[in-house]
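As a plain string of letters, each chain reads:
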Amino acid sequence: MARFLWKRTLLQYGMMAAGFFLATSISFVPRIAAQGPPARAVVPKASKAPASPKLVVLLVVDQMRGDYVDKFLGQWTGGLKRLVEEGAWFRDAAYPYAATETCVGHATISTGAFPATHGMVANAWWDRQDQKMVTCTADPDPNVKNIGYAGATPKGADTAWRMAVPSFAEELKFQTSGATRIVTFSLKARAAITMAGHRADAATWFDGGAWVTSTAYGTLPFIEEQAKSRPAKADFGKTWSLSLPASAYWYGEKALGAVPPDGWDLTFPHPLRGKTAVGEPDNTFYEQWASSPYADTAMTELAERAVDALKLGNSNGTDFLAVSYSSVDYVGHEFGPRSREIQDILLRLDKDLGNLFAHLDQKVGRGNYVVALSADHGVVPIPEDMQQAGADAGVLHLPELQERIDKSLEPFNYAKPAVARISGSDIYFAPGVYEKLQQDRAALQAVFDTALAQPGVAALYRAEDLRDRPATQSPAHRAFAYSYFPGRSGDLFILPKPYWLMDGTPLGKPRSYGTGHGVPYNYDQHVPVLLMGFGIQPGQYFQAITPADIAPTFAALCGITLSSRDGHVLAEALMKPRSFSSPPRTAAAQAVKTNP
């Protein structure tokens, strides 16, 4: 009671003081002389609009689960640690959709939209018109082709033409009179391209031992120089060894169920020497290199070279630099999330990012750039590992399911193959089959019964139940709806049981990887979101967000508008601009606000 009365008395004192100040101010207004000109009202100067960052940096760590930050933060000393300590850490960030894959995640981060909007529904999907699988970046335009650096002659043609909305970087360039330079790097075309968008100054990826781009983006001299002076083959003969004493690692020496690249054992060290006794770089070496921390270092060096060569962050506009670190994904597929390899490659990445931020501090200026780090998806633990823990886990063999569905339709006189393809969760039927099934309740029920009887299948959804993002209380149903894009998505959709790995390995062949991702469970959806630098209020934030919120937040900092978005601005992590036109608060008012 005494504390309440004290607060009320203090508040009354503050109000009285404010009233006295106002009254005396009015009484001391100077009189206007009859002979003189009328006095002009004093208008406070308008505060300057807040400046935009000089450089926007997007970092995506392919397959980085959200829990990795909690687990390994104590061992980090470089860039990852700096992001946590100096930035805004959103601890409950997760994708709300089912298609947790690389192309989908990168497109979501770059556009601020979900796959139901941006159209990149998977890394690859079944093209109903051409009756074949197409990758998300494959461009059928005969005038487009991939081009290589340092004399490389890559195949294919890759662009963002299938992405239905512009990226943040595209909008930034378009809405700021073209002053923005857009530069992106990744080992994967589907990452570099979706981060850049339909046009960029440089979108570069790694293919067949060489750095590659396409005619849609063109080449730059500094990348040619880097490709010649620092090629991947320069790491031939090196060895990936543990960074810390063995006692510092969480997990055992051998990851249970792991499938390492050719030429590697289940234990450290891992040599980068290709096939035994070859003596020179070969395809096996480049696969080893991509699964090693040396690839991450090469990506970092390319990014630093871009800052120097193009003077990113030192022009009249806001520049955009994006790097997707792919090696964590390769290591995760091979050795799983409970491995020394994952822990160690993140230790190495932490050092690389520390070097990158130090370079940006020097060349752009600390506080002049804003950086966001996230991941495109997580990963499920290796099934054999989960089984040892007593969990209901296993492998859902998709070719086996496809064969059983075809067989279930034989009594109904459906020609084989009735199923054209099962790709991830999506079941695609042969032309005309699904339209017929929609009118044939008995046959469709047979398909459902067969699928639900397959070990590892939890549920099955129809395309018509997902269109237009229907309101539903089911998180799984909603997740598939957020992933559904008409014409590209399947006819039916498989929800596996938790900790069951969907595997497309042909019947009779051993699985060529340890584990995967691509389902609407938290181990695939939960990823880190970290923001640091210009306009960012450091701290830990626990509200639920999605990586689609990154692009709208960038847009707010840069003063632009996105064409279409499903994400929202992370306003709670943005520094609030001071209002210079407001009068200073009195001491009493200060006391009311700050005292308990």
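Look above for the structure.
The present account deals with the structure reproduced in this document. Here the structure is a predicted model, which means the values were calculated and not measured. (Residues numbered from 1 in each chain as written. Predicted model: local features only at pLDDT ≥ 70, side-chain atom pairs only at ≥ 80, totals over all residues. Heavy atoms only, no water.)

A short note on helix H6 (residues 168-175)
Every buried residue of H6 is listed here: Phe168, Ala169, Glu170, Glu171 and Leu172. Elements that come into contact with the buried residues of H6 comprise strand E1 (55-61), helix H4 (102-111), strand E6 (182-186), helix H7 (189-196), strand E11 (319-325) and helix H19 (550-558). In the segment just after H6, Ser177 is the residue with positive phi, at about 60°. (Buried < 20%, exposed > 50% of the residue type's maximum accessible area, 1.4 Å probe, protein only. Helix = DSSP H or I, 4+ residues; strand = E, 2+ residues; numbered from the N terminus. Contact = heavy atoms within 4.5 Å.)

Some words on the nonpolar core
The biggest cluster of nonpolar side chains holds 135 residues, and the ones touching the most others in it are Leu59, Phe168, Trp211 and Trp289. If you tally residues by element for this core, the top one is helix H12 (residues 340-365), at 10 residues. Apart from the residues within four sequence positions on either side, Phe168 is in contact with Val56, Ser110, Thr111, Phe320, Ala551, Phe554, Ala555, Cys558, Ile560 and Leu562. Core analysis: the next-biggest nonpolar cluster, separate from the first, contains 42 residues, Leu398, Phe429, Leu466 and Val519 among them. (Core = buried A, V, L, I, M, F, W, Y, C linked by side-chain atoms within 4.5 Å.)

As for the packing of aromatic side chains
Ring pairs (aromatic) are described by centroid distance and by the angle formed between their planes. Within this structure, the stated rule accounts for 22 aromatic pairs. With 5.0 Å between their ring centres and 45° between their planes, Phe114 and Tyr482 make a pair best called tilted. In this pair, Phe114 sits in the loop between H4 and helix H5 (115-118) while Tyr482 sits in helix H17 (residues 475-483), placing the two residues 368 residues apart along the sequence. Judged by relative accessible area, Phe114 falls into the buried class, the value being 6%. Taking the centre distance of 5.8 Å and the plane angle of 40° together, the rings of Tyr521 and Tyr523 count as tilted. On the accessibility criterion, Tyr523 (10% relative accessible area) is buried. Taken together, the aromatic side chains of Phe206, Trp211, Phe236, Phe285, Tyr286 and Trp289 make up a single cluster linked through ring pairs. Cation over ring: Arg91 sits above Trp89, and NZ or CZ is 4.1 Å from the ring centre. The ring of Tyr330 is capped by Lys188, whose NZ or CZ atom sits 5.1 Å from the centre of that ring. (Phe/Tyr/Trp six-rings, centres within 6.5 Å; stacked < 30°, edge-to-face > 60°. Lys NZ or Arg CZ within 6 Å of the ring centre and 35° of its normal.)

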